[in-house]
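Inside the fold
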Amino acid sequence: MKRFFQILVLALLAVTLLAGSPGKLVMAIETEPVGLDPTLVTAFASHRVLENVYDGLLRYDESMNLVPNLAESFEVVDPYTILFKLRDGVKFHSGDPLTSEDVIFTFERLMNPDTKAPAATYYKEVSSIKVVDGNKIEFKLTIPMAASLLPNFAGVNSSILSKKFVESGANLQLSANGTGPFELADYVAGNYITLKRNTEYFIEGLPYLDEIKMMIMPEEVTRVSALRNGDVDLARINEPLSLNQLPTDRFKIHRNAVLSYYLLGINTTRGPLSNPKVRNALNYAINREMIVKLVAFDEGAVTGPLNPELEFWAMKPSQFSEYTYNPAKARELLTEAGYPNGFEFEIVASQRYSFDKVAQVIQAQLAEVGVRAKINLVEWGIFISKWRESDFDSFISLNSGSIDPDIQFNRTFHTGGSTNVFLYSNPEVDALLDRGRSEADINERQKIYNQLQKILVTESPIIFLYSANTLFATNNSVEGFRSLANESLIFLRETSKK
Amino acid sequence: MEFGYIIRRLLSAVPTVLLVTFMVFLAIHLVPGDVVDIMLGTQNYLTQDQIEELYREYGLDKPLIVQYGIWVKNLFTFNLGTSLRTGKSVTELLGERFPVTLELAVFSLFFALVIGIPLGIISAVKRNSFIDNVVRVIGLIGLSSPSFWVGAILIVLFSGVFENFNLFGYVSMSSNLIDNLQVMLLPSLTLGLMVSAQILRMTRTSMLDILTQDYVRTARAKGVNSRNLIMKHVLKNALIPVVTLSGIQLGYLLGGTIVIENMFALPGMGRLLLQVVNERDYPVVQGIVLFIGVLIVLLNILVDILYTVIDPRVELR
Amino acid sequence: MLKILRRLARNPLYVISLLLLLVVVLITLFPGLFAPYDPYKMDVEAFMSWPSWKHLFGGDQFGRDVFSRAMFGVQKSMIIASSAIAISALIGTMLGLISGYLSGATDLVIMRIMDSFFAFPSLILALFIIALFGSNMVNLVFAIGLVYVPIFARTVRGAALSLRESLYVKASRALGKKSLSIMLTDILPNVSSVLIVTFTTNVSTALLTEASLGFLGLGVPPPEPTLGGMVGQGTAFLLSAPWVVLFPGLVIALIVLSLNILGDGLRDILDPRINR
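Residues numbered from 1 in each chain as written. Chains lettered and ligands numbered in written order. Predicted model: local features only at pLDDT ≥ 70, side-chain atom pairs only at ≥ 80, totals over all residues. Heavy atoms only, no water.

What follows deals with unusual backbone geometry. Each neighbour pair has its own omega, and for L206(A) with P207(A) the value is -10°, a cis peptide bond. With respect to the helices and strands, the residue P207(A) is situated in the loop between β9 (192-197) and β10 (211-216). Omega for the bond connecting P222(C) with P223(C) falls within 30 degrees of zero, at 5°, which places this linkage in the cis form. Mapped onto the elements, P223(C) comes out in the loop between α9 (179-215) and α10 (227-234). A positive phi angle is found at S390(A), which is not glycine, with a value near 50°. Structurally, S390(A) is set in the loop between α11 (380-388) and β17 (394-399). (Helix = DSSP H or I, 4+ residues; strand = E, 2+ residues; numbered from the N terminus.)

The subject of this paragraph is the interface of chain C and chain B. Every contact between the two is made by 47 residues of chain C and, on the other side, 46 residues of chain B. At the boundary of chain C and chain B, one finds 1 salt bridge. Between D264(C) and R201(B) there is a salt bridge whose closest N-O contact spans 2.7 Å. The interface formed by chain C and chain B contains 5 residue pairs in polar contact (both at pLDDT 80 or more). Counting only elements with at least two residues in the side of chain C that touches chain B, the list comes to α2 (12-29), α5 (104-118), α6 (122-133), α9, α10 and α11 (243-270) of chain C. Class assignment for the residues of the side of chain C that touches chain B results in 31 nonpolar, 9 polar and 7 charged. (Contact = heavy atoms within 4.5 Å. Salt bridge = Lys/Arg side-chain N within 4 Å of Asp/Glu carboxyl O. Polar contact = N/O pair within 3.5 Å; in protein donor to acceptor, adjacent residues only side chain to side chain. Nonpolar A, V, L, I, M, F, W, Y, C, P; charged D, E, K, R; others polar.)

Time to look at the interface of chain C and chain A. With 27 residues of chain C in contact, the opposing surface of chain A contributes 27 residues. Carbon and sulfur atoms supply 66% of the area that chain C and chain A bury against each other, a total of about 2,400 Å² over both sides. The largest share of the area that chain C buries against chain A comes from F62(C), P222(C) and L239(C), three residues that together contribute 25% of it. Taken together, chain C and chain A are joined by 0 salt bridges. At the surface where chain C touches chain A, the tally comes to 6 residue pairs in polar contact (both at pLDDT 80 or more). Of the residues in the side of chain C that touches chain A, the class split is 17 nonpolar, 8 polar and 2 charged. (Buried area = accessible area lost by both parts, 1.4 Å probe.)

Two faces belong to every sheet, and in a regular strand the side chains alternate between them. Residue and element names in this part refer to chain A. In terms of burial, β10 is a largely internal element, 6 of the 6 residues being buried. Both faces of β10 are covered, namely the face carrying E211, K213 and M215 and the face carrying I212, M214 and I216. With 6 bridges connecting them, strand β1 (residues 24-29) and β10 associate as parallel partners. In the strand pairing of β10, K24 is matched with E211. Bridging between β9 and β10 involves 5 bridges; their strand directions are antiparallel. For I193, the partnering residue across the bridge sits in β10 and is M214. (Buried < 20%, exposed > 50% of the residue type's maximum accessible area, 1.4 Å probe, protein only. Pairing = 2+ DSSP bridges.)

The values reported here are purely geometric and, on their own, carry no functional implication.
In structure tokens:
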């Protein structure tokens, strides 16, 4: 019995010692990285870790403007040429200095077809990369798209690698050597990832935290309980309703409008939905505000073809009459199209990211105008396989948006575009997309994309739905935490703990 | 004699285990969506040539039966391959994940026995009384609700009441025993409650079986102290089937903790299995299935040997 | 039958669970009589509303009445669980009879296959089947059914093995009766009591398996309500809207508990060893 008490006291001591060590931030994330090679990763969960370990030539600031990062400055010399001036005195975590050779190596590796890098498609118009004046790097392009290429340099996939490290045979999927504010200290798959402060980070005084421990907790109840219980300081919130359980005197909520958007994607070559009029009828029959309320608990906003957050480019959803819920009009259009009694079609959905819930609301709403949607709930791998083979009548999904409309529209709506699984083909749209990509004058570009947005709404190969806020919650000891519209967490470097 | 028995049992298990791995192999390759699909996700950045090259790299361009043959061939050199997604060796992954699942299984079984056996004894001795009914209902509660539901409720209750208790963040036993025990408490309790119902039921049935046998009745009639009788004679015999059941349940726990590992964010093998099935990381799926299969076979043999220790009358054949 | 009922009636615990199961059967047959609302109807007014007299179990995320959904959920879940176990009982009994009676090579092959089913996490097995054939109610029934085949096969085989050597089976054989007819007329009736017990307890486990699959997103596609699906999907709301998940969970717990108690009771009565 005495021994038992000894252990008990020890246990309590251990607990008090561990609780709230300053400088160490514990966060709960829902999914873990799949591979760690920044050039290769596609999973968002990998990006979230790597963006704090590696740096790109550019990065985003808080208002999503492109700012220099490893590049000290950058310049669009002409629509065919981009020039970066490399920052001096930057060191990799291994201690080796960053040189222009590393930059060249990184992009050559990225563009090499054998690497099979996801970002390679964006750089395919790059004709040459070379060093000028010792510390400047010049990108030459075959078409005048310098402005729309720039955002790619801030992506995780364009993080700068150490040539020496890679050539030493290191497996980048398992180990990391970047220039970022944190070093990868430990990664126990299925459990946690620990990042340690990079003491030689090129921005003096940053980062504030000594250590970040990202704990992988797939269940919402677990994450929220861990936050309430004090086991974690910061948690990703997937169900906005959980916020009710986090009293405002003890917790801070960080909500952020994001560029990604929910959509009902339609196979434009199958059945009744191959008729644009029918697709447009669905536009009227869907009550988007109701979806935002029921699925996202009002933590989101209705979006058109471009996210309203992109103030310069996007037309407001209210500018489209199709976005006003109008079942009568929907019926009228259906009758005109020859389906006075509605029709039946399939919505493919998986349980991830509440796809199944969005599908349920749409199913109920379409039933009101006599359209019978059957939800085909599938496992994620099957969902992807159906997506890739365009084997669906329609599906619910979440697309990542982009700062530049060309990146988002070209791959999605151009005939044969890389993510045009809707098999949508419209010569007018193709022509506009080609013009938009190579137009240098920004006001001209805006006109082109306005016209495109209007066509995309009336034709609706995709029914745009809404964009859900990203939600994080922290306890009061955490200061300076922010997340960005692209769901990036690079501001962990400016986060601190009392 | 015993050695020969073990060898024979092991050999006879080989076809079973191979059959399991083959069925799983077929199933996971036939399910739509392969590892490359999932790697690319809802993006499409590779040309058809590059994709075909990936299939070649992973050896997925060969006929299924050949792929399986290669896997079996590699087994003979104890080469389970490497994960297609992370490049880690399957053996290493198993080494990382299995101890967590094993610990969870052992603790759960411990709870199950500690709860199940005493309740079972009470319930048998007080058969059909009010106490029996109460005990049985309590004992069955853990088995009567979805384990993730019980787990979630326990999490909510505990995290609200014990603010300083370490509920999450698995650490290994060797690195910090106290943290480890704290983290393992709730998940093992959840699973333990579930298994305890079976233990209770088995203890009760087999106690009743023996209590009604003639020699016990005679002993009772002769006035042998009832408590002594139960402790010394009845219990010992009654526990034999409980041992078998524990073996079966341990096997079940080792293979079936997926949902609980997810709920409590434990980095165990079940969660890994679910993840790699979702990612179609074929070598890892195969490796885990093989491992669980072998484990269950070994466990069954162990149980049979334990039998002879508890009850010398039982002979291994 | 009556005799069994009379013996069950001696213990109030069995009476309570029998009555509960009777109600469950009634709900399964006529869910509409018990459900005050349309289980599919989305009503914004009831959106995540607390339990009240109007909505006994509260409203869910889509403003649907949780009580009405639970009633229809009982129906769907009971149909799924009992047809799944009926399938496994049918296949398992057949395999067990053949295996136990014929023994030898046939026995070896069948039991090896059954062993391999056992040596594999049942949830993943069900996941494969649903992934391969798509998730709808029929496939779900088959997926769960297949998982439980080995349990029946083993149980029946054991009984058949011992009956094989019994006097009357030997006599039948001597009279030139065919194997099939011996299996069906001499052995099957004698394993029926074991079957009834196994059936009862496994329907309860099947209900839980359905829940786990719902939790992993592989249950019956929405908007169909099943108890497992409701609990599985609702777990994320345990903190914020507990009624969405607690009530359906309690309904499952009550049904499974009753089935288990009844199973135990039947075992007590039907097991000749304990009944002296």
